[in-house]
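Summary of structural features
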Amino acid sequence: MSLHNYNGYQSNMFNLILFGPPGSGKGTQSEKLIVKYGLKHLSTGDLLRSEIAQQTALGMEAKKLMDKGQLVPDEVVIGMISSALDANPLARGFLFDGFPRTAAQAEALDKLLDLKNTSINVMLALEVSEEELVRRLLKRGETSDRSDDTNENVIRERIAVYHSKTAAVADYYKTFDKVMMLKGEGTVDEIFARLCNEINTRL
Ligand code: AP5
């Protein structure tokens, strides 16, 4: 029996949004989850940093906003995600990290997935205190090349943007009963176990 629908996508895909404020551990946990569950990792932050590294026009424009802790325009990131979905027709499922970040992005994602006859299964949202977020990001800023981690004001602006524009995205998925909030503090392995527990009950 074929597991592919008429768009070529697998009919039993598992699509997950890993959600949470900057520094909540989305990237760290994504790396482990994609290995365990065979998902394709789609991080808009990583895609944008790749554009910056290649010094594309899009990357240079995005960098100006990212360095201030502001969001890149919706149409830019939606276009990137649309291309990435098209480029991975054989994926067993997608792990969205750092996307969607606005209501417009969430609605666009639902439409894009609908076109592929699939949808979001669950949003797992990591909860971490603001002081722990700042501590983690400043610590990473000591050694990483991420310019948005070096300045505490920029870090706090990223967190403020999360509260003003992004947190409401969880409310959007709550209306479909797809959100599970999880404690994002503790060791990386403890948090990974919590995430796996939730995923396993939904597979
Ligand atoms: P993005 O790249 O998405 O970054 P972010 O949301 O700011 O998140 P981070 O990568 O900083 O944190 P994370 O939650 O992934 O945590 P991580 O695992 O890295 O976005 C960057 C910018 O790009 C945005 O500001 C915006 O300008 C733009 N952008 C991206 N997507 C966009 C979109 N959809 N729309 C518009 N604009 C967009 O961990 C952080 C640190 O903590 C690491 O050093 C890690 O080692 C450490 N750590 C992780 N877990 C633990 C733990 N349990 N205990 C202690 N330390 C831990």
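Provided above is the structure to which this section pertains.
Right, let's walk through the structure included here. Just so you know, these numbers come straight off a predicted model, no measurement behind them.

1. Digging into the pattern of salt bridges
Throughout the structure, instances matching the rule amount to 16 salt bridges. Between Arg 49 and Asp 46 there is a salt bridge, with the nearest N and O atoms lying 3.0 Å from each other. Highlighted residues: Arg 49 and Asp 46, both in helix α2 (residues 44-53), separated by three residues, approximately one helical turn. By relative accessible area, which is 25% here, Arg 49 ends up partly exposed. Ionic contacts of the salt-bridge type, sharing partners, join the residues Arg 140, Arg 146, Asp 148, Asp 149 and Arg 158 into one network.

2. Topic: the site of the ligand
What surrounds the ligand is a group of 31 residues, the closest being Thr 28, Gln 70, Arg 101, Arg 140 and Arg 158. Backbone polar atom of Ser 24 to an oxygen atom of the ligand: 3.2 Å apart, as the coordinates give it. Take Val 72: an N or O atom from its main chain is 3.0 Å from a nitrogen atom of the ligand. Calculation on the ligand without its partners gives an accessible area of 1,000 Å², and the protein chains cover 87% of this total. Residue assignment for the shell around the ligand shows that the elements contributing at least two residues are α1 (26-37), α2, α6 (130-141) and α9 (188-202). Looking at the shell around the ligand, the element that brings in the most residues is α2, giving four residues.

3. Quick notes on the packing of α2 against helix α4 (residues 74-86)
The interhelical angle for the contact between α2 and α4, taken along N-to-C directions, is 100°, at an axis separation of 10 Å. For the element pair α2 / α4, the angle class is roughly perpendicular. For the pair α2 and α4, contact is made by Thr 44, Leu 47, Leu 48 and Glu 51 and by Val 77, Met 80 and Ile 81, respectively. Grouping the amino acids of the contact of α2 with α4 by side-chain chemistry returns five nonpolar, one polar and one charged.

4. Re the sheet that holds strand β1 (residues 16-19)
What the five strands build is an open sheet, ordered β2-β3-β1-β4-β5; its pairing is parallel. Looking along the sheet, the strands with just one partner apiece sit at the ends: β2 (40-43) and β5 (179-183). With direction set aside, neighbouring strand axes in the sheet form an average angle of 20°. Pairing geometry for β2 and strand β3 (residues 94-97), over four bridges, is parallel. Across the sheet, the residue bridging to Ser 43 is Asp 97, located in β3. Contacts from α9 reach β1, β4 (122-127) and β5 within the one sheet, and its direction differs from that of β5 by about 160°.

Parameters and conventions
- Residues numbered from 1 in each chain as written.
- Predicted model: local features only at pLDDT ≥ 70, side-chain atom pairs only at ≥ 80, totals over all residues.
- Heavy atoms only, no water.
- Salt bridge = Lys/Arg side-chain N within 4 Å of Asp/Glu carboxyl O.
- Helix = DSSP H or I, 4+ residues; strand = E, 2+ residues; numbered from the N terminus.
- Buried < 20%, exposed > 50% of the residue type's maximum accessible area, 1.4 Å probe, protein only.
- Near = heavy atom within 4 Å.
- Polar contact = N/O pair within 3.5 Å; in protein donor to acceptor, adjacent residues only side chain to side chain.
- Areas by Shrake-Rupley, 256 points an atom, 1.4 Å probe, with all protein chains shown as cover.
- Axes fitted to C-alpha atoms, helices over the stretch in contact; angles between N-to-C directions.
- Parallel < 35°, antiparallel > 145°, perpendicular 65-115°, else oblique.
- Contact = heavy atoms within 4.5 Å.
- Nonpolar A, V, L, I, M, F, W, Y, C, P; charged D, E, K, R; others polar.
- Pairing = 2+ DSSP bridges.

Interpretation in functional terms is not warranted from these geometric data alone.
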